[in-house]
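Commentary on secondary and tertiary structure
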Amino acid sequence: LAERRNMVYRGTAVVYGRGEALIVATGMDTELGAVATMLQTAEETATPLQRRLAELGKTLALWAFVLCAVILGMGLARGEPLQEMLITAVALAVAAIPEGLPTVVTIALALGARRMAARNALVRSLPAVEGLGAVTVICSDKTGTLTRNEMTVTNIVTDSGAWKVTGVGCLPEGEVKPTDGAPPEIPESLRRLLVAGVLCND
């Protein structure tokens, strides 16, 4: 893919020049569509809390089944009616299931998400709160996500002094203001630096 020097791809921006292109793929058959397909088919992994809760549920179910079988066997050995012992065993099995556990877990995670929101951290999935509790280092790439993908000069420092540059993004607005005792007029060193910046900028 990296060696295709005669291809243009969906989702990219042409900034200058002219050309003709022959469309060879559309929709999900493009490279961007392949990325979208991979994102849609990606499997969601369970958090440590979800895995532990699943293990707890299996353990409780196993012990409840064993206990019910023991109670049923002991009752039948004592000569109790089969129907009555079946009802007793089912009642024990139902009582062994912690119905309030999901509610308690949800409330605990919601409280954790609320505390994180107070620290400007938004959580989209409640089970992720427990996973974040074990995180020590977070590595992220914010280019183009939190920024506008624009290189903008805000300060200039030369041997003649320092200047503050106003304006936002690539808009032709703003001015160069002297700071820290810099001369009000633009010295030759600053002028040459600005000329070099303009000539190196496409």
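The structure we're discussing is the one just above.
Residues numbered from 1 in each chain as written. Predicted model: local features only at pLDDT ≥ 70, side-chain atom pairs only at ≥ 80, totals over all residues. Heavy atoms only, no water.

**Looking at the sheet that holds strand β3 (residues 176-179)**
Read across the sheet, three strands follow the order β1-β2-β3 without closing on themselves; strand pairing throughout is antiparallel. Only two strands of the sheet have a single partner each, and these edge strands are β1 (155-158) and β3. Neighbour-to-neighbour, the strand axes of this sheet turn through a mean angle of 30°, independent of strand direction. Sheet topology places β1 next to strand β2 (residues 161-165); four bridges connect them, and they run antiparallel. Within β2, the residue paired with Ile-156 across the bridge is Trp-163. (Pairing = 2+ DSSP bridges. Helix = DSSP H or I, 4+ residues; strand = E, 2+ residues; numbered from the N terminus. Axes fitted to C-alpha atoms, helices over the stretch in contact; angles between N-to-C directions.)

**Looking at a nonpolar patch on the surface**
Taken together, the side chains of Leu-62, Trp-63, Phe-65, Val-66, Val-70 and Met-74 define a hydrophobic patch exposed on the protein surface, amounting to about 670 Å² of accessible area. With respect to the helices and strands, Trp-63 occurs in helix α2 (residues 48-77). Looking at Trp-63, the relative accessible area reads 59%, which means it is exposed. (Patch = residues over 30% accessible without salt bridge, like charges linked within 9 Å, V, L, I, M, F, W, Y side chains within 5 Å. Areas by Shrake-Rupley, 256 points an atom, 1.4 Å probe, with all protein chains shown as cover. Salt bridge = Lys/Arg side-chain N within 4 Å of Asp/Glu carboxyl O. Buried < 20%, exposed > 50% of the residue type's maximum accessible area, 1.4 Å probe, protein only.)

**A closer look at the pattern of salt bridges**
On inspection of all chains with the given rule, the structure shows four salt bridges. Linking Arg-4 and Glu-31 is a salt bridge whose minimum nitrogen-to-oxygen distance equals 3.5 Å. With a gap of 27 residues between them, Arg-4 in the segment before α1 (31-41) and Glu-31 in helix α1 connect regions that are remote in the sequence. Given a relative accessible area of 32%, Glu-31 falls into the partly exposed group.

**Some points on the pairing of β2**
Looking along a regular strand, one sees the side chains alternate between the two faces of the sheet. Extensive coverage of β2 is indicated by the burial of four of its five residues. Hairpin connection from β1 to β2: two residues lie between these consecutive antiparallel strands. Bridge count for β2 against β3 is four bridges, and the pairing is antiparallel. Counterpart to Val-165 in the pairing with β3 is Val-176.

**Looking at the side chain of Ser-189**
Residue placement: Ser-189 occurs in helix α6 (residues 188-199). Judged by relative accessible area, Ser-189 falls into the buried class, the value being 17%. Side-chain polar atoms of Ser-189 contact the side chain of Asp-159, separated by 3.3 Å. Here Ser-189 is in contact with Thr-158, Asp-159 and Ser-160, once residues within four sequence places are set aside. (Polar contact = N/O pair within 3.5 Å; in protein donor to acceptor, adjacent residues only side chain to side chain. Contact = heavy atoms within 4.5 Å.)

**Quick notes on the environment of Leu-49**
Relative to the assigned elements, Leu-49 resides in helix α2. For Leu-49, a relative accessible area of 15% gives the class buried. Discounting chain neighbours no more than four positions away, the residues touching Leu-49 are Val-105, Leu-109 and Glu-130.

**A few points about the packing of α2 against helix α3 (residues 82-96)**
Helix packing for two helices is described by the angle between their axes and how far apart those axes are. Contact geometry of α2 with α3 gives a least axis separation of 9 Å together with a crossing angle of 155°. Taken together, α2 and α3 sit at an angle that is classed as roughly antiparallel. Handedness of the α2/α3 crossing: right-handed. Residues Ala-64, Cys-68, Ile-71, Leu-72, Gly-75 and Leu-76 of α2 touch α3, and the partners they reach there are Leu-82, Met-85, Leu-86, Thr-88, Ala-89, Leu-92, Ala-93 and Ala-96. (Parallel < 35°, antiparallel > 145°, perpendicular 65-115°, else oblique. Left-handed = near helix turned anticlockwise from the far one by under 90°.)

**What about the side chain of Thr-158?**
Among the structural elements, Thr-158 can be located in strand β1. Looking at Thr-158, the relative accessible area reads 17%, which means it is buried. Residues within four places of Thr-158 in sequence aside, it is in contact with Trp-163, Ser-189, Leu-190 and Leu-193.

**Some remarks on the environment of Ala-54**
Inspection of the secondary structure puts Ala-54 in helix α2. Once the C-alpha coordinates of Ala-54 and Glu-20 are considered, the two residues, 34 residues apart in sequence, prove to be 57 Å apart.

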